[in-house]
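Descriptive structure summary
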Amino acid sequence: MPDVSMPRLSDTMQEGTITRWLKKSGDQIKRGDIIAEVETDKANMEIEAYDSGILEQILIKEGEVAPIGQTIAVIGTGASASKGATTSVAASAESKVAASANGASAPQQESKPEVVVASTVSTSEVSTTAEGRVKASPLARRIAEEHGIDLGQIKGTGPSGRIVRDDLEDYLSQQRATTPVAPAAAPAQPIQAAPQFQAPAFALAAIPEDSEVITISSVQKRIANRLLESKQFVPHFYVSNEIDMTDALALRQVLNGAASEEGAKVSVNDLIIKACALALEKFPDVNGSYRDGQFIRHKHINIGVAVDVPNALVVPVIKDANIKGVRTIAREVRELIQKARNNKLSVADLSGGTFSISNLGMMDVSGFSAIINPPEAAILAVASTRKTFVPVDGQPVIRDIMPLTLSADHRILYGAMVARFLQEVKRLLQNPYALLG
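What counts and how
- Residues numbered from 1 in each chain as written.
- Predicted model: local features only at pLDDT ≥ 70, side-chain atom pairs only at ≥ 80, totals over all residues.
- Heavy atoms only, no water.
- UniProt positions renumbered as here; feature names shortened; annotations may be inferred.
- Axes fitted to C-alpha atoms, helices over the stretch in contact; angles between N-to-C directions.
- Helix = DSSP H or I, 4+ residues; strand = E, 2+ residues; numbered from the N terminus.
- Parallel < 35°, antiparallel > 145°, perpendicular 65-115°, else oblique.
- Left-handed = near helix turned anticlockwise from the far one by under 90°.
- Contact = heavy atoms within 4.5 Å.
- Nonpolar A, V, L, I, M, F, W, Y, C, P; charged D, E, K, R; others polar.
- Buried < 20%, exposed > 50% of the residue type's maximum accessible area, 1.4 Å probe, protein only.
- Expected span 1.5 Å × (residues − 1).
- Phe/Tyr/Trp six-rings, centres within 6.5 Å; stacked < 30°, edge-to-face > 60°.
- Pairing = 2+ DSSP bridges.
- Core = buried A, V, L, I, M, F, W, Y, C linked by side-chain atoms within 4.5 Å.
- Domains from an automatic or database assignment.
- Lys, Arg positive; Asp, Glu negative; His and termini not counted.
- Salt bridge = Lys/Arg side-chain N within 4 Å of Asp/Glu carboxyl O.

- An unreviewed UniProt entry annotates the chain as Dihydrolipoamide acetyltransferase component of pyruvate dehydrogenase complex originating from Ktedonobacter racemifer DSM 44963.
- UniProt's Sequence similarities (unreviewed entry) comment on the chain is quoted here verbatim: "Belongs to the 2-oxoacid dehydrogenase family."
- Heading Cofactor (unreviewed entry) of the UniProt record for the chain holds this comment: "(R)-lipoate".

Structure representation (structure tokens):
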């Protein structure tokens, strides 16, 4: 009887909250069906069924939290549920008879759902289902697919012998150790839970009776912990600049005027994404990460875009932004924003970022500094473009000026390098047709 376990749906996930069951006990389940939605530390995700059968039991109710690997439901043939119920009733009756014989009544106990397990699979056994399908978490399957690994040769150490991420990392580490040529990518590091947010003493005073107490979501808790961790352990420094966006705004108007009604409209942020991606090609250290005393320079340029959603902030990623056209970037950004606001972002949408942009230009903001999104080394904060008098050939001329500030990790980046990076972003945006090449 296959168990449905809480999967690891993101690299930083430790537990998940069931927000909605899309199937109910007794429903016929087909392999590949989406059976539930779960809130992780990043966004709402979907849980896919990897076995067919009858959804016999739901063990974790909506609103309840389960750690990774815990069984949340049972899929079977439908017969085990009634058999398990009969066994449970019989056992209960026997207990009461025995108690009466000893001159005592059976104590009242809280009613809990019975978990019926037909067989137990130890972690040393082959991680396959009765149909011969390898049991593995969604993340483990994705890692295996990315690296061309046959899951049939991996021994699972997860619940019921399921193959989990750690099994794949161990296998890859062994492969690297026996390969004479050094791998191009840095070895994967074990996931460590972020330190839990500790409220300062002054925040522990009694809550006034007329105050409203709001329980924050798992996503909000994770954001709080990550931001605290970033500010505590990443030595931030900040470099600001101003960019004349007059020509870039004119180019945007030309591009959108030539676009069809169905075509994606290019925003100022799309031009900024492209400019940053091209500048990162020229300054690859800014596209790097600091990890355990090592500097990792990423080969791909993946730009995270901060998106404001109700009660949270998510950062979906534009992959390989340096080799994509401005219109393609515009279309992908619109799709990701729509998915974010509908809680439909996938793990792939949120993973792999190497540099982030936070744009509050539409909020009439004169300037701000953003907190670095670990393990990235930098994040660009973009403020509102304002019409400003600037000297041109000795005469005051009105131009569209946009201030921005780069927050950088001082462990691997330095002032002069960051300043030159911003100068390159400025050069590209002030000569915007270079973004179309």
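Now that the structure has been shown, we can carry on.
Points about the packing of helix 6 (residues 268-282) against helix 9 (residues 415-430)
- The N-to-C vectors of helix 6 and helix 9 enclose an angle of 130°; their axes lie 9 Å apart at closest approach. Considered as vectors, helix 6 and helix 9 are oriented oblique to each other. As for how helix 6 packs across helix 9, the hand of that crossing is right-handed. Here helix 6 contributes Leu271, Ile272, Ala275, Cys276, Leu278, Ala279, Leu280 and Lys282 to the contact with helix 9, which in turn contributes Phe421, Glu424, Val425, Leu428 and Leu429.
- Considering only residue class, the contact of helix 6 with helix 9 consists of eleven nonpolar, no polar and two charged.

Overview of the environment of Leu249
- Within the element layout of this structure, Leu249 appears in helix 5 (residues 246-258).
- Here Leu249 falls in the partly exposed class, since its relative accessible area comes to 26%.
- Note: C-alpha distance between Leu249 and Asp400 (151 residues apart in sequence) is 8.4 Å.
- Ignoring any residue separated from it by four or fewer positions in sequence, one finds Leu249 in contact with Val268, Thr385 and Asp400.

Thoughts on helix 5
- Here helix 5 contains 13 residues, and its C-alpha end-to-end distance of 19 Å stays within 8% of the 18 Å for a straight helix at 1.5 Å per residue.
- Three or more residues of helix 5 are buried, namely Thr246, Ala248, Leu251, Leu255 and Asn256.
- On the buried face of helix 5, the contacting elements are strand 9 (236-244), helix 6, helix 7 (326-341), strand 19 (395-409) and helix 9.

Observations regarding the packing of aromatic side chains
- Evaluation of the coordinates by the stated rule reveals two aromatic pairs.
- Considering the side-chain rings of Phe283 and Phe421, the 6.4 Å spacing of their centres and the 90° angle between planes classify their relative orientation as edge-to-face. Of this pair, Phe283 sits in the loop between helix 6 and strand 10 (288-291) while Phe421 sits in helix 9, and the two are 138 residues apart along the sequence.
- Among the aromatic residues, ring-to-ring pairing joins Phe283, Phe355 and Phe421 into one connected group.

A short note on the sheet that holds strand 7 (residues 65-67)
- Pairing is antiparallel in the open sheet, where four strands are placed in the order 5-4-2-7. Taken across any chain shown, the strands that pair with only one partner, and hence form the sheet edges, are strand 5 (44-48) and strand 7. Strand-to-strand, the axes of this sheet are offset by a mean angle of 40°, without reference to chain direction.
- With three bridges connecting them, strand 2 (residues 15-21) and strand 7 associate as antiparallel partners. Along strand 7, the bridge assignment pairs Glu15 with Pro67.

Notes on the nonpolar core
- Counting 78 residues, the largest nonpolar core has Ile72, Phe355, Leu380, Leu413, Phe421 and Leu429 as its most contacted members.
- A per-element tally of this core places helix 6 first, with ten residues.
- Structurally, this core is a two-domain feature, drawing no fewer than three residues from each of domain 1 (3-76) and domain 2 (227-435).
- Beyond its immediate chain neighbours, meaning those up to four positions away, Phe421 contacts Cys276, Ala279, Leu280, Phe283, Val286, Phe355 and Leu406.

So, the sheet that holds strand 8 (residues 71-76)
- In space, the four strands of this open sheet follow the order 1-8-6-3, with antiparallel pairing throughout. Because the sheet does not close on itself, it has two edges, and the strands there are strand 1 (3-5) and strand 3 (28-29).
- Relative to strand 8, strand 6 (residues 53-58) runs antiparallel, the two being bridged by four bridges. When the sheet's bridge partners are listed, Ile54 is paired in strand 8 with Gly76.

Brief notes about the side chain of Asn256
- Along the polypeptide, Asn256 turns up in helix 5.
- Judged by its relative accessible area of 15%, Asn256 falls in the buried class.
- Asn256 has contacts with Lys265 and Val266, leaving out every residue within four places of it along the chain.

Some words on the pairing of strand 10
- As judged from the four bridges shared by strand 10 and strand 11 (residues 294-297), these two strands associate in the antiparallel manner. Considered in strand 11, the bridge of Ser289 is made with Ile296.
- Turn length for the strand 10-strand 11 hairpin, with the two strands adjacent in sequence and antiparallel, is two residues, and the turn residue Asp292 shows positive phi of about 50°.

Description of the packing of helix 6 against helix 7
- At a closest axis distance of 9 Å, the pairing of helix 6 and helix 7 adopts a crossing angle of 120°. Comparing the axis directions of helix 6 and helix 7 gives the class oblique. Viewed along their axes, helix 6 and helix 7 form a crossing whose handedness is right-handed. In contact with Asp270, Leu271, Ile273 and Lys274 of helix 6, helix 7 contributes Val326, Ile329, Ala330, Val333 and Arg334.
- Along the lines of polarity and charge, the residues of the contact of helix 6 with helix 7 split into six nonpolar, no polar and three charged.

Structural notes on the side chain of Glu39
- You can see Glu39 is positioned in strand 4 (residues 34-39).
- This buried residue, Glu39, is left without a salt bridge; Lys221 holds the nearest opposite charge, at 8.0 Å.
- Each residue touching Glu39, except ones within four places of it in the same chain, is listed here: Glu15, Gly16, Thr17, Thr19, Asn44, Ser217, Ser218 and Val219.

Details of the pattern of salt bridges
- Going through the model one piece at a time under the given rule, you end up with 14 salt bridges.
- Lys24 is the salt-bridge partner of Asp27, the closest N and O atoms lying 3.4 Å from each other.
- Judged by relative accessible area, which is 19%, Asp27 ranks as buried.
- Judged by its relative accessible area of 55%, Lys24 falls in the exposed class.
- Between Arg399 and Asp244 there is a salt bridge, with the nearest N and O atoms lying 2.7 Å from each other.

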